Amino acid sequence: MAERGLFSGVFGRGDVDTGDQAWLAAMLDTEAALARALERAGLAPAGAGAAVTQAANAGTIDAADLGRRAALTGNPVPALVRALTRSVPAAAAAAVHRGATSQDIIDTAAMLLARRALAAIAADVSAAADAAAGLAAAHRDTVMIGRTLLQQAVPVTFGLVAAGWLTGLDEARANLDRVRAGRLAVQFGGAAGTLSSLGADGPRVAALLAGEVGLPLPVLPWHTDRLRIVEVAASCACAAAALGKIARDVTLLAQSEVAEVRVGDVGDVGGVRGVEGEGSAASDTGGGENARRGGSSAMPHKRNPVAAIAVLGCTRRVPGLLATLAAAAEQEHQRAAGAWHSEWEPFADLLRLTGSAASWGADLLAGLRVDPARMRANLDSARGLPLAERVTGLLAPAVGAVAAHDLIAQASARAAAGESTLREALLGVPDVRRRLDQAGITTTQIDAALDPASYLGAAGEFTEAALAAHRAAALARPRDG
C-alpha cells in the first residue's frame, strides 16, 4: 500500500507505488532471489534460499531505521543486509548478499519498481486511449473551429482532435511496452563489475538471479552505463507529454468563454481518487461519495476542470526529473561518486507522477462531456472568416491568386471590424461583388464555399486511420500487456 500524504491525492493517484515500503520490498525481493540463486548454483546450503526468502517477507525490517543508518554508508543496503542476516538461521547467513554490492541491490530493485510501474502506467494510458477512441468515433463529423497560435484558424472536427489525442496515447503506450519488454535488466556485478568474489561461478549466478527476479540478463553489469534508467524515464516523459497535451487542450476548451467541453464533476471523495477543486463544496461539507468535483465555495458558479489540472500538475514536474536523470548518466569509472545516488528519488518521483497523470488522464477522458452546439455557435460567431481561405481559392482561378487574396482581404477586414459577416461583405462591397460577377461566381457557390462542413479536408479520413491503428495495436498487444 502506497504511503498517503497531504498531496498524494493529486500526485500519487493510481496504481504506481514507489514509496519507501515499495523500495524496501523490491530490495528484499532482490536479496531473497540472490540467496535462491546461490543455492541453485551450489554456493549456499540447502534451505538457505527459503530461509532468506521467509525473512525477507516477514515485514520486520524498518525502512525508517534503514534510512537513518544510510547516513553511515551512503545508502541503505548495508543496514538492510545486517538486519536481514540477523533474521535468518546461522546456516543461511552466508547466503545473504554474497557476491553483491549495494548498487546491485538498489539497481535491480529500481528495475523491479519500473516493471510494475510501467505496467500500471501503460494500463491507464490504454484506458485513456480507449476513451479518446470513443470520443473520436462519436464526434467524427462534429464541426468546430480549429485554433492555431491560440487564434481561430479553419474548421476541423472534434473527432480529429480526439484522434490526435488517441494517436499520442497509443504511441506512448507502445513506447512504454517497448522499454518494459526490452530495456529492463538485472544488475549483478559485485564490487567493480567483475563478480570476482564468486570466481568462475559469477556469470552462472547472475543468470540464475535474473531468472529468479524475472528480469533479462544484460551482456554485462551496467553500474555506470545508465541508459536503461534514462530510457525508462524518457518513456515516462513521452507518456506525460501526451497526457499533458490533452489536459492543456481540455483546460482551454473548458474555459467559460469557450465552453465546448466540460470535465466530469463527480469523484470518489475520501479515497485516493477523491480530489476536489479550490475551496471545494465537497471539502466544505465534509465530502461524500457523490460530492461534486471542481466546485468553489467562494465562487459557486465555477466548475474547475480538476482532472485536467491534476494531469498538468503532474506532467509539469516530469521534464525536470528527466533532465536530472539524464545529467546523472555521466558516471565515472566503475562506481559513481554521487551521480548514482542522485537518481534514486527523481526516478521514483518520475514513475509516481507519470502514473498519477495517467490515472487522472483516464478519468478525464472517460468523463469528458462534449457540447457540439456550443462548438457550432463558436464557429458561427466568427462570421465566416475562417472560410476566407476557401473563398480565395474559389476566386483565384478567375482573377489570379494575388488579386483574389487582395479582394478577400478587403472583405475580411470589413467583416472583422464587426460590420458584417464575410458573406455580406463579399456580396455587399461593390468592387468585390463586381469581380465575383465577372468571374461567374454565383451566390450559391459563395454559400457552398462558406459551409464549414464542406471544408474539412481529410479530417474524417485521418480520424478513421487513427481508430484503425488503435484497433490494430490492441489486437497485436499480448494479452498480459
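No experiment lies behind these values; they were computed from the predicted model shown.

Cut-offs and rules
- Along each chain, the written sequence defines residue order, and numbers are assigned to residues from 1.
- At least 70 in pLDDT is required for a residue's local features to be given in this predicted model, at least 80 for side-chain atom pairs to be given and counted, and no such filter applies to totals for whole chains, interfaces and linings, which use all residues.
- Each side-chain value is derived from all of the structure's non-hydrogen atoms; neither hydrogens nor water enter the calculation.
- Counting from the N terminus, the helices are DSSP H or I runs at least four residues long and the strands are E runs at least two residues long.
- Atoms counted for the radius of gyration: C-alpha only. Globule rule: 2.2 Å times the number of residues to the power 0.38.
- A simple rule labels every residue: compare its accessible area, found with a 1.4 Å probe on the protein chains alone, to the largest value its type can have, and call it buried under 20%, exposed over 50%, or partly exposed in between.
- Computed with a 1.4 Å probe, the accessible areas rest on the Shrake-Rupley method; for each residue, only the protein chains presented here act as cover.
- When charges are counted, Lys and Arg contribute as positive and Asp and Glu as negative, whereas His and the chain ends are disregarded.
- All charge positions are set by atom: Lys at NZ, Arg at CZ, Asp at CG, Glu at CD.
- The nonpolar core is taken to be a set of buried Ala, Val, Leu, Ile, Met, Phe, Trp, Tyr and Cys residues, with the residues joined through side-chain atoms within 4.5 Å.
- Only heavy atoms enter the contact rule, under which two residues are in contact if any of them lie within 4.5 Å.
- In this analysis, axes come from line fits to C-alpha atoms, helices being fitted only over the stretch in contact, and the angle between any two N-to-C directions falls in the range 0 to 180 degrees.
- Geometric relationships in this document are graded by angle, where less than 35 degrees denotes roughly parallel, more than 145 denotes roughly antiparallel, 65 to 115 denotes roughly perpendicular, and other angles denote oblique.
- We call a crossing left-handed when the near helix sits turned anticlockwise from the far one by less than a right angle, and right-handed when that turn is clockwise.
- In this count, Pro and Cys sit with the nonpolar residues alongside Ala, Val, Leu, Ile, Met, Phe, Trp and Tyr, while Asp, Glu, Lys and Arg are called charged and the others, Gly among them, polar.
- Ring pairs shown here join Phe, Tyr and Trp side chains whose ring centres sit within 6.5 Å, with only the six-membered ring taken for Trp; geometry is labelled stacked below 30 degrees between planes, edge-to-face above 60, and tilted in between.
- What makes two strands pair is DSSP finding at least two bridges between them.
- Within 3.5 Å is the distance limit for a polar contact, defined as a pair of N or O atoms, with the added protein rule that one can donate a hydrogen and the other accept it, and that residues adjacent in sequence qualify only through two side-chain atoms.
- As used here, the arc belongs to the directions running from the helix axis to the C-beta atoms.
- Criterion for a salt bridge: a side-chain nitrogen of Lys or Arg within 4 Å of a carboxyl oxygen of Asp or Glu.
- Values of pLDDT, ranging from 0 to 100, describe the predictor's confidence in every residue of the model.
- Sulfur atoms of two cysteines make up a disulfide when they are within 2.5 Å.

## Observations concerning the overall build of the chain
Looking only at helices and strands, the chain features 20 helices and four strands. Against the 2.2 N^0.38 benchmark of 23 Å for 481 residues, the chain shows a C-alpha radius of gyration of 30 Å, more extended than a compact globule. When its C-alpha atoms are laid out on the principal axes, the chain stretches across 100 × 55 × 40 Å. Within the chain, the fraction of its 481 residues that count as buried is 49%. With an accessible surface of roughly 21,200 Å², the chain has 56% of that area assigned to carbon and sulfur atoms. Distance between charge centres in the chain, computed from 45 positive and 49 negative side chains, equals 1 Å.

## Details of the nonpolar core
Ranked by internal contacts, the top residues of the largest apolar core, which has 127 residues, are Phe158, Leu169, Leu365 and Leu368. Per-element accounting of this core gives the leading share, 21 residues, to helix H6 (residues 102–138). The contact partners of Phe158, leaving out residues within four places of it in the chain, are Leu135, His139, Thr142, Met144, Trp165, Leu253, Val261, Leu368, Val370 and Met375. The next biggest cluster of nonpolar side chains, apart from the first, holds 19 residues, and it includes Leu387, Val391, Ile408 and Leu436.

## Re the packing of helix H2 (residues 20–40) against helix H5 (residues 77–86)
Here H2 crosses H5 at 60 degrees, and the two axes come no closer than 11 Å. It follows from the interaxial angle that H2 and H5 lie oblique. Handedness of the crossing formed by H2 with H5: right-handed. Contacts between H2 and H5 involve Leu24, Met27, Leu28 and Glu31 on the former and, on the latter, Val77, Leu80, Val81 and Leu84. When the residues that make up the contact of H2 with H5 are grouped by side-chain class, the tally is seven nonpolar, no polar and one charged.

## Considerations on the packing of aromatic side chains
Per the stated rule, a full pass over the model turns up two aromatic pairs. Pairing Phe158 with Trp165 gives two aromatic rings, centres 5.7 Å apart and planes at 85 degrees, and the pair type is edge-to-face. Each member of the pair, Phe158 as well as Trp165, carries the same accessibility label: buried. Each ring, one from Trp340 and one from Trp344, has its centre 5.0 Å from the other, and the planes form 85 degrees; the classification is edge-to-face.

## Describing the pairing of strand E1 (residues 143–148)
With five bridges connecting them, E1 and strand E2 (residues 151–157) associate as antiparallel partners. Looking across to E2, one finds that Arg147 is bridged to Gln152. Counted between consecutive antiparallel strands, the loop separating E1 from E2 contains two residues, among which Leu149 sits at a positive phi close to 55 degrees.

## Quick word on the environment of Thr421
Among the secondary structure elements, Thr421 is positioned in the loop between helix H16 (401–416) and helix H17 (422–428). Considering only alpha carbons, one finds Thr421 and Ser342, 79 residues apart in sequence, at a separation of 61 Å. Leave out the neighbours within four places in its chain, and Thr421 touches Arg383 and Ala415.

## Describing the side chain of Ser235
Here Ser235 lies in helix H9 (residues 227–253). Every residue in contact with Ser235, bar those within four places of it in the chain, is listed here: Leu118, Asn175, Leu176 and Val179.

## So, the packing of H2 against helix H8 (residues 202–213)
Where H2 meets H8, the closest approach of the two axes is 8 Å, and the angle between their N-to-C directions is 130 degrees. It follows from the interaxial angle that H2 and H8 lie oblique. Of the two elements, H2 crosses H8, and the hand of that crossing is right-handed. Mapping the contact onto sequence places Thr30, Ala33, Leu34, Arg36, Ala37, Leu38 and Arg40 in H2 and Arg204, Val205, Leu208, Leu209, Glu212 and Val213 in H8. Broken down by class, the residue content of the contact of H2 with H8 amounts to eight nonpolar, one polar and four charged.

## Topic: the side chain of Thr463
Topologically, Thr463 is positioned in helix H20 (residues 459–476). Here the side chain of Thr463 touches Ala459 through a polar contact of 2.8 Å, landing on its backbone oxygen. If sequence neighbours within four positions are ignored, Thr463 has contacts with Ala136, Arg140, Thr157, Gly159, Leu160 and Ala163.

## Notes on helix H14 (residues 372–380)
Of the positions making up H14, those classed as buried are Met375, Asn378 and Leu379. Seen end-on, H14 carries its buried residues on one side only, within an arc spanning 100 degrees. Elements in contact with the buried residues of H14: E1, E2, helix H7 (158–182), strand E3 (261–262) and strand E4 (369–370). Capping the start of H14 is the job of one residue whose side-chain oxygen sits 3.2 Å from the backbone nitrogen of Ala373: Asp371.

## Re the environment of Ala44
Note that Ala44 resides in the loop between H2 and helix H3 (48–56). Taking relative accessible area as the criterion, Ala44 reaches 12% and is therefore assigned buried. In sequence terms Ala44 and Ala95 are 51 residues apart; their C-alpha atoms lie 5.7 Å from each other. Excluding residues within four positions of it along the chain, Ala44 makes contact with Leu38, Glu39 and Ala95.

## Digging into the pattern of salt bridges
Across all of its chains, the model carries 21 salt bridges by this definition. The closest approach of N and O atoms between Arg40 and Glu212, which form a salt bridge, is 2.9 Å. Taken as a pair, Arg40 in helix H2 and Glu212 in helix H8 lie far apart in primary sequence, 172 residues in all. Relative accessible area serves as the criterion here: at 52%, Arg40 is assigned to the exposed category. One continuous salt-bridge network, built from bridges that share partners, spans Arg36, Arg40 and Glu212.

## Some thoughts on the confidence of the model for the chain
On average, the chain scores 91 in pLDDT, and the residues at 70 or more come to 91%. For the stretch residues 268–290, pLDDT sits under 50, and the model shows 53 contacts to residues farther than four places along the chain or on other chains.

## Observations regarding the state of the cysteines
Counting across every chain of the model gives zero disulfides. Its sulfur unpaired, Cys238 is 9.3 Å from the next cysteine sulfur, which belongs to Cys236. Judged by relative accessible area, which is 41%, Cys238 ranks as partly exposed. Residue Cys314 stays outside any disulfide, its sulfur separated by 12 Å from that of Cys236, the closest cysteine. Residue classification places Cys314 among the buried positions, given a relative accessible area of 0%.

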